[in-house]
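Listed here are the chains, written in short residue letters.
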Amino acid sequence: MSVLVTGGTGFVGMHVTAQLADLGELVVTFSAEDELDIISRDFLGPARQRVACVKGDVLDLDTLLATMERHGVDRVIHGAAITAIGDLEPEAARQAAVVNVGGTATVLEAARLAGVKRFIHLSSASVYGATDPDVPLDEDSEPAPRGIYGITKRAGEDIVGRYFELFGMEGAILRLSAPYGPLERPNPLRSVMSPVFHWCRAALNGEEVELADDLVRDLTYVADTARCVVLALFKPDLNHQVYNASCGENLRFSDILASLARVRPGFRFRLKEGGALSPFFRDSLRGPLSMRRAKEDLDFTPRYDIESGLSRYLEWLERHPI
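Calculation notes
- Residues numbered from 1 in each chain as written.
- Predicted model: local features only at pLDDT ≥ 70, side-chain atom pairs only at ≥ 80, totals over all residues.
- Heavy atoms only, no water.
- Helix = DSSP H or I, 4+ residues; strand = E, 2+ residues; numbered from the N terminus.
- Rg over C-alpha atoms; globule rule 2.2 N^0.38 Å.
- Contact = heavy atoms within 4.5 Å.
- Areas by Shrake-Rupley, 256 points an atom, 1.4 Å probe, with all protein chains shown as cover.
- Lys, Arg positive; Asp, Glu negative; His and termini not counted.
- Charge placed at Lys NZ, Arg CZ, Asp CG, Glu CD.
- Buried < 20%, exposed > 50% of the residue type's maximum accessible area, 1.4 Å probe, protein only.
- Pairing = 2+ DSSP bridges.
- Right-handed = clockwise from strand over helix to strand, strands pointing away.
- 1 Å grid on protein atoms, 1.4 Å probe; cavity = no way out; pocket = protein on both sides within 12 Å on 5 of 7 lines; lining within 4 Å.
- Points joined across faces, edges and corners; volume = space filled by probe spheres on them.
- Nonpolar A, V, L, I, M, F, W, Y, C, P; charged D, E, K, R; others polar.
- Polar contact = N/O pair within 3.5 Å; in protein donor to acceptor, adjacent residues only side chain to side chain.
- Core = buried A, V, L, I, M, F, W, Y, C linked by side-chain atoms within 4.5 Å.
- Disulfide = S-S within 2.5 Å.
- Salt bridge = Lys/Arg side-chain N within 4 Å of Asp/Glu carboxyl O.

This part is about the overall build of the chain. Secondary structure summary: the chain contains eleven helices and 13 strands in total. Here the C-alpha radius of gyration of the chain, 19 Å, is about what a compact globule of 322 residues would show, namely 20 Å. Dimensions of the chain, computed from C-alpha atoms along their principal axes, come out at roughly 55 × 45 × 40 Å. Restricting to contacts in the chain with at least 6 residues of sequence separation, those with at least 24 account for 81%. For the chain, the exposed surface amounts to about 14,200 Å²; the carbon and sulfur share of it is 48%. Distance from the positive charge centre (35 side chains) to the negative charge centre (46 side chains) of the chain: 2 Å.

Set out below in structure tokens:
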């Protein structure tokens with residue numbers, strides 16, 4: 001039997017795929033690519049022998065179902081989505097609605113028809129909308145998404161929940177927050193990068209960073225994000241339907257840059273008077289995601305603090321210049 005990961009060749013998806021394959025699982029990635037590029041093959045190492053890549057569209061029910069049946073898929077992790085945030089939102093709004101909502105319903109239907117035993121849906125902390133950054137958000141906090149991405153992710157959660165009720169499907173929804181780390185790189189399907197990506201590239205290039213807005217976010221090393229997903233997949237009895245996946249604390253941007261200066265001696269940054277980051281970051285300030293439920297139910301605690309995460313990311317970027 002195998003695990004199908006939609007969006008499995010993407011940033012977070014490839015980390016999920018790698019961790020599953022390292023555990024000996026047969027993994028089928030279902031995404032816009034039918035083979036792994038050299039960077040992804042290098043990342044997987046010998047475990048790539050346990051990964052099969054299928055090119056497909058999450059709106060194509062027939063191909064999804066045929067793939068699940070052909071590969072003996074009994075578990076699905078649905079991560080494929082259009083991340084329409086920031087400057088990308090206006091041009092990708094309709095596509096995000098179609099893929100993030102319609103694609104979720106289609107993958108669920110294929111999983112139902114194939115008799116899939118467990119379905120893990122990757123949602124986003126953006127469903128919470130803008131909140132007081134000093135107040136942690138638990139899974140019972142009222143969702144109030146503002147942008148098209150958060151709105152479509154919230155709609156996807158509702159569809160997943162209703163499928164679980166209607167058809168007795170079993171699984172969970174994970175709300176991921178601000179992953180960063182290896183494999184985050186520009187490509188035709190990903191054009192909006194995290195601030196950490198830009199800061200780390202500047203550090204490697206010997207450039208000074210001007211910090212326009214000293215904001216906060218619970219930036220999470222991507223290997224921790226993926227491990228939380230994998231733990232949810234394997235947990236025999238889930239006590240809840242929704243789980244946060246985060247480092248559990250808001251980190252101030254200036255503190256992150258100070259950490260970067262410690263792990264990369266010579267890196268310099270300064271606050272820029274009168275500057276401004278993308279409105280996305282200012283308009284989406286929110287509290288950190290509470291990780292109590294994931295700790296109690298999934299035995300999840302992050303393994304990487306900001307300095308160890310930055311060190312690993314810098315090492316990867318040095319090996320794979322972008």
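Quick look at the pairing of strand β4 (residues 73-78) now. Across the six residues that make up β4, a large majority, six, are buried. As defined by bridge partners, strand β1 (residues 2-6) adjoins β4 across five bridges and the pair is classed as parallel. The partner of L4 across the bridge, within β4, is V76. Bridge count for β4 against strand β5 (residues 118-124) is four bridges, and the pairing is parallel. Of the residues in β5, the one forming a bridge with I77 is I120. Tracing the backbone out of β4, into helix α4 (residues 89-114) and back to the parallel element β5 gives a crossover that is right-handed.

Take the layout of surface pockets next. Estimated volume of the second largest pocket: approximately 400 Å³. If you trace the second largest pocket, you find 18 residues lining it, with H15, F43, A223, Y304 and R312 closest to the centre. Put simply, the parts of the chain that give the lining of the second largest pocket at least two residues each are α1 (11-22), α2 (38-44), α7 (222-234) and α11 (306-319). Considered class by class, the residues forming the lining of the second largest pocket number eight nonpolar, two polar and eight charged.

Below, the discussion takes up the environment of T9. Within the fold, T9 resides in the loop between β1 and α1. Given a relative accessible area of 14%, T9 falls into the buried group. Along the backbone, T9 and D283 are 274 residues apart, and their C-alpha atoms lie at a distance of 30 Å. Only 2.8 Å separates the side chain of T9 from the side chain of S31, close enough to count as a polar contact.

Below, the discussion takes up the nonpolar core. By size, the foremost hydrophobic cluster in this structure holds 62 residues, and its most contacted members are V16, L20, I77, I120, L174, W199 and L260. When residues in this core are grouped by element, the largest group, eight residues, is from α7. When sequence neighbours within four positions are dropped, the list of residues in contact with W199 reads V209, L211, F253, I256, L257, L260 and F267. Membership of the second largest hydrophobic core comes to 28 residues, among which are V54, V76, L108 and V160.

Applying the stated rule across the entire model yields zero disulfides. Sulfur of C200: no disulfide; nearest cysteine sulfur belongs to C247 and is 15 Å away. Residue C200 is classed as buried on the basis of its relative accessible area, which comes to 0%.

Scanning the entire structure with this criterion turns up 19 salt bridges. Between R293 and D140 there is a salt bridge, with its nearest N and O atoms 3.7 Å apart. A residue pair is termed long-range when its members are at least 10 positions apart, and R293 in helix α10 (residues 292-298) and D140 in the loop between β5 and α5 (148-167) qualify at 153 residues. A relative accessible area of 14% means that R293 is categorised as buried. Of the charged contacts, one joins R262 and E307 as a salt bridge, the two residues approaching to 2.5 Å between their closest N and O atoms. Taken as a pair, R262 in helix α8 (residues 253-263) and E307 in helix α11 lie far apart in primary sequence, 45 residues in all. Judged by relative accessible area, R262 falls into the exposed class, the value being 51%. Residue E307 is classed as partly exposed on the basis of its relative accessible area of 28%. One salt-bridge network, held together by shared partners, links E208, E210, R268, R270 and K272.

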